[in-house]
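Residue-level listing of the chains:
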Amino acid sequence: MASKKLLKRAIHSICEDLFSEAIAVSLYGAKDQRGKAEAILFSILKVEDEYIRRTSHPEPGLSAKIYFKDLKEKFTAQIGEIIDQLNS
């Protein structure tokens, strides 16, 4: 159980940092970037919620090792996309 707790904490921490960066972009960026930053804020919240839920309720029929490895890879990919959106 401790590993699920640590994974949830890591997901929350990463999303929290990204959320802070997106807030900074929306406040200090150009006016045309505000709408884009707000869309990114909502996507960060959705990603966090989705992956915390998926951590709590793994898919039946898959071994835990394979499931959580796939979960981490997909989370990393989505976070990478969000970071690319923030940088542009």
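Residues numbered from 1 in each chain as written. Predicted model: local features only at pLDDT ≥ 70, side-chain atom pairs only at ≥ 80, totals over all residues. Heavy atoms only, no water.

Participant: Explain the packing of aromatic side chains to me, please; I cannot follow it from the model alone.
Facilitator: The geometry of two aromatic rings is summed up by the distance between their centres and the angle between their planes. What the rule picks out here adds up to two aromatic pairs. Ring geometry for tyrosine 51 against phenylalanine 75: centres 5.3 Å apart, planes inclined by 70 degrees, an arrangement best described as edge-to-face. In this pair, tyrosine 51 is assigned in helix 2 (residues 31-56) and phenylalanine 75 in helix 3 (residues 64-87), connecting sequence segments 24 residues apart. Since its relative accessible area comes to 2%, tyrosine 51 is described here as buried. Centre to centre, the rings of tyrosine 67 and phenylalanine 68 are 5.2 Å apart; their planes meet at 80 degrees, and the pair counts as edge-to-face. Comparing tyrosine 67 with phenylalanine 68, the two get one shared label, buried. (Phe/Tyr/Trp six-rings, centres within 6.5 Å; stacked < 30°, edge-to-face > 60°. Helix = DSSP H or I, 4+ residues; strand = E, 2+ residues; numbered from the N terminus. Buried < 20%, exposed > 50% of the residue type's maximum accessible area, 1.4 Å probe, protein only.)

Participant: When you look at the pattern of salt bridges in this model, what are you seeing that I'm missing?
Facilitator: Two side chains that carry opposite charge are able to pair once their charged atoms sit near each other. Applying the stated rule across the entire model yields three salt bridges. Among the ionic pairs, aspartate 49 bridges to arginine 53, the shortest N-O distance being 3.4 Å. Separated by four residues within a single helix, aspartate 49 and arginine 53 lie in helix 2, roughly one turn from each other. Residue aspartate 49 is classed as partly exposed on the basis of its relative accessible area of 39%. Since its relative accessible area comes to 55%, arginine 53 is described here as exposed. For lysine 74, the salt bridge identified is with aspartate 70, shortest N-O distance 3.3 Å. Of the two residues, lysine 74 and aspartate 70 are both situated in helix 3; the distance of four residues between them amounts to about one turn of the helix. Note on lysine 74: relative accessible area 40%, which makes it partly exposed. (Salt bridge = Lys/Arg side-chain N within 4 Å of Asp/Glu carboxyl O.)

Take it as geometry only, folks, not as evidence of what the structure does.
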